[in-house]
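Each chain, written out:
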Amino acid sequence: MGLKITLSVIKADVGGFIGHGSVHPDMLKNAEEILEQQGKELLVDFFVTNVGDDINLILTHKEGINSEKVHKLAWNTFLSCTEVAKSLKMYGAGQDLLSDAFSGNIKGMGPGIAEMEFEERPSEPVIIFMADKTEPGAWNLPLYKIFADPFNTIGLVIDPKMHSGFCFEVLDLVEDKKVTFSCPEELYDLLIFLGASNRYVVKSVYTKNKEIAAVSSTQKMNQMAGRYVGKDDPVLIVRCQSGLPAVGEVLEPFANPHLVTGWMRGSHYGPLIPVPQKQAVPTRFDGPPRAIAMGFQLANGRLIGPQDLFADVAFDRARQKALKAADYIRQMGPFEPHRLPLDEMEYTTMPQVMEKLKNRFK
């Protein structure tokens, strides 16, 4: 039996460095200091990074998922970073912190979170994807291709440990209900829901033996805050190899950039660009949306790495393809399908405009 470890990825936007583009180095340094000081007896290891204006805390520990102590540590870290952001007059300081006080669990309080508990294998490679200027549904297509598409993941065909397929736990973000699909036998049923990525999102993926393979953050900022406070900027953890998709199979969906919601003011469709971490600074029209992929080997809970997996030159053409798509769709300006449909614009000025004009509609 291997060591039982919990991997938690918790993120929040608590202040943007020059608008929404990045995080000030003092804020990242502060996050590291807080985790080092307050997490010394609690954490096995940690790593701090950012994508765009989001601070991402990657934590390993033995407390299990939904640990009050771990969540409180993350909350305190974001509060401390907010104070740094305020002192530097960063944009939107503390915007993802929707409560004034910690109440036992960070879920529903603004920050996004993805965490899983598992027994560490003799070799435990994991990839942590982090995105900016988009929402949880951005992972639907990649997760489908990773765990259900044999044209992407040849292991589904030729690896006896994967041949039986995987189970997808799908969450309805509107009614807060979930359903599990067993694939490949329920593949077509799954796709009906995953295609509506603004409402239905993959929360987790399991093997047929109930071993966790992937988990994503599914927090919807707009629904929690009741107003537009920024896109959800989701995170995703995927375990790799030894009966699970290979590292290359997990990365392959991002070689063909797909359109996601988000971008400027969270109100536009745009291509999700796979970038190295140093290029995770969205500035053109506050975007386009982008994702980074940080690879780690776990060794008794220690985070060995990271390897910046999208820094590979093999993703250069994907980046160029995404930029061409961005050029094309930007020409549509405020018109759909670049701007989101009206039913997804409820947290913008649309309700006020409708109210002002209601007596003029005959």
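Attention here is on the structure that accompanies the text. The residue numbering used here restarts from 1 in each chain and proceeds along that chain's sequence as written. Reporting of local features is limited, given that this is a predicted model, to residues whose pLDDT is at least 70; pairs of side-chain atoms are given and counted only at 80 or more, and all residues count toward the totals for whole chains, interfaces and linings. Only hydrogens and water are set aside when side-chain values are computed; all heavy atoms of the structure are taken into account.

Side note on the overall build of the protein chain
So, step 1. On a plain count of helices and strands, the protein chain comes out with nine helices and 15 strands.
So, step 2. Taken over the C-alpha trace, the protein chain has a radius of gyration of 20 Å; the compact-globule value for 362 residues is 21 Å, and the two agree within 12%.
So, step 3. Principal-axis analysis of the C-alpha atoms places the extent of the protein chain at approximately 70 × 50 × 40 Å.
So, step 4. Note on contacts: a residue pair qualifies if any of its non-hydrogen atoms lie within 4.5 Å across the two residues. Considering only contacts in the protein chain between residues 6 or more positions apart, those separated by 24 or more positions represent 69%.
So, step 5. A 1.4 Å probe and the Shrake-Rupley method give the accessible areas. Residues count as covered only by the protein chains that appear here. Accessible surface for the protein chain amounts to roughly 16300 Å². Of this, 52% is attributable to carbon and sulfur atoms.
So, step 6. We treat Lys and Arg as the positive residues and Asp and Glu as the negative residues; His and chain ends play no part in the count. In plain terms, the charge of a residue is placed at NZ if it is Lys, CZ if Arg, CG if Asp and CD if Glu. The centroid of the 39 positive side-chain charges in the protein chain is displaced by 5 Å from the centroid of its 45 negative side-chain charges. A run of DSSP states H or I qualifies as a helix once it reaches four residues; a run of E qualifies as a strand once it reaches two. Both are numbered from the N-terminal end. Throughout, the radius of gyration refers to the C-alpha atoms, and the reference size of a globule is 2.2 Å times the residue count to the power 0.38.

Here's the deal with the sheet that holds strand β1 (residues 4-12)
So, step 1. Taken in spatial order, the four strands of this open sheet run β2-β3-β1-β4, and their pairing is antiparallel. Only two strands of the sheet have a single neighbouring strand rather than two, namely β2 (43-51) and β4 (112-119). This sheet shows a mean twist of 15° between the axes of neighbouring strands, independent of strand direction.
So, step 2. Strands are labelled as partners when DSSP assigns at least two bridges between them. Where β2 lies against strand β3 (residues 54-61), eight bridges are found, and the strand directions are antiparallel. Residue pairing in the sheet places F47 in a bridge with I58 of β3. Lines are fitted to the C-alpha atoms to define the axes, a helix being fitted only along its stretch in contact, and any angle between axes, read from their N-to-C directions, falls within 0 to 180 degrees.

Re the packing of helix α3 (residues 140-148) against helix α5 (residues 187-194)
In a packed pair of helices, the relevant descriptors are the angle between the two axes and the axis-to-axis distance.
So, step 1. Where α3 contacts α5, the two axes come as close as 11 Å, and the packing angle between them is 165°. By the angle class used here, α3 and α5 are roughly antiparallel. By crossing handedness, the relation of α3 to α5 is classed as left-handed. Only L187, L191 and L194 of α5 make contact with α3, whose side of the interface consists of N140, Y144 and A148.
So, step 2. Under the scheme applied here, ten amino acids are nonpolar (Ala, Val, Leu, Ile, Met, Phe, Trp, Tyr, Cys and Pro), four are charged (Asp, Glu, Lys and Arg), and all others, including Gly, are polar. Grouping the amino acids of the contact of α3 with α5 by side-chain chemistry returns five nonpolar, one polar and no charged. If an angle is under 35 degrees, it is roughly parallel; if it is over 145, roughly antiparallel; if it lies from 65 to 115, roughly perpendicular; otherwise it is oblique. Take the far helix as your reference; a near helix turned counterclockwise from it by less than a right angle gives a left-handed crossing, and one turned clockwise gives a right-handed crossing.

Some points on unusual backbone geometry
So, step 1. That bond from G287 to P288 is cis: its omega, -15°, falls within 30 degrees of zero.
So, step 2. By the element assignment, P288 lies in the loop between β13 (273-274) and β14 (290-299).
So, step 3. Cis geometry is found at the peptide bond from E336 to P337, where omega equals 10°.
So, step 4. Relative to the helices and strands, P337 resides in the loop between α8 (316-330) and α9 (350-357).
So, step 5. With a phi angle near 55°, D286 is a residue other than glycine that sits in the positive phi range.
So, step 6. Looking at the element boundaries, D286 is found in the loop between β13 and β14.
So, step 7. Residues other than glycine seldom take positive phi values, yet N300 does so here, at roughly 55°.
So, step 8. Burial status follows relative accessibility: with a 1.4 Å probe on protein chains alone, a residue under 20% of its type maximum counts as buried, one over 50% as exposed, and anything between as partly exposed. The exposed category is assigned to N300, whose relative accessible area is 56%.

What to know about helix α1 (residues 25-38)
So, step 1. By this rule, a helix spans an expected 1.5 Å times one less than how many residues it contains. Helix length check: α1, at 14 residues, gives a terminal C-alpha distance of 20 Å against a target of 20 Å (1.5 Å per residue), a fit within 8%.
So, step 2. Every buried residue of α1 is accounted for by M27, L28, N30, A31, I34 and L35. Burial along α1 is one-sided: seen end-on, the buried residues are contained in an arc of 160°. Those residues of α1 that are exposed and aimed more than 90 degrees away from the buried face are P25, K29 and Q37. To be clear, the arc concerns the directions from the helix axis to the C-beta atoms.

Brief notes about the environment of G287
So, step 1. One can find G287 in the loop between β13 and β14.
So, step 2. Note on G287: relative accessible area 1%, which makes it buried.
So, step 3. On a C-alpha basis, the gap between G287 and Q307 in space is 24 Å, while along the polypeptide they are 20 residues apart.

Here we look at the pattern of salt bridges
So, step 1. We define a salt bridge as a contact between a side-chain nitrogen of Lys or Arg and a carboxyl oxygen of Asp or Glu at a distance within 4 Å. One pass over the full model with this rule turns up 18 salt bridges.
So, step 2. Put simply, K11 and D96 hold a salt bridge, and the shortest N to O gap is 3.5 Å. Taken together, the positions of K11 in strand β1 and D96 in the loop between α2 (68-87) and β4 put the pair 85 residues apart, joining distant regions of the chain. Pair check on accessibility: K11 and D96 agree, each one buried.
So, step 3. With its nearest N and O atoms 3.2 Å apart, the salt bridge here joins E169 to K178.
So, step 4. If you follow the salt bridges from partner to partner, you end up with R121, E124, E211 and R239 in one network.

What to know about the pairing of strand β15 (residues 302-308)
Successive side chains on a regular strand alternate, one facing one side of the sheet and the next facing the other.
So, step 1. Two elements, β14 and β15, share five bridges in a ladder whose sense is antiparallel. Residue pairing for β15: G295 is matched across the bridge by Q307.

The values are spatial; any link to function lies outside them.
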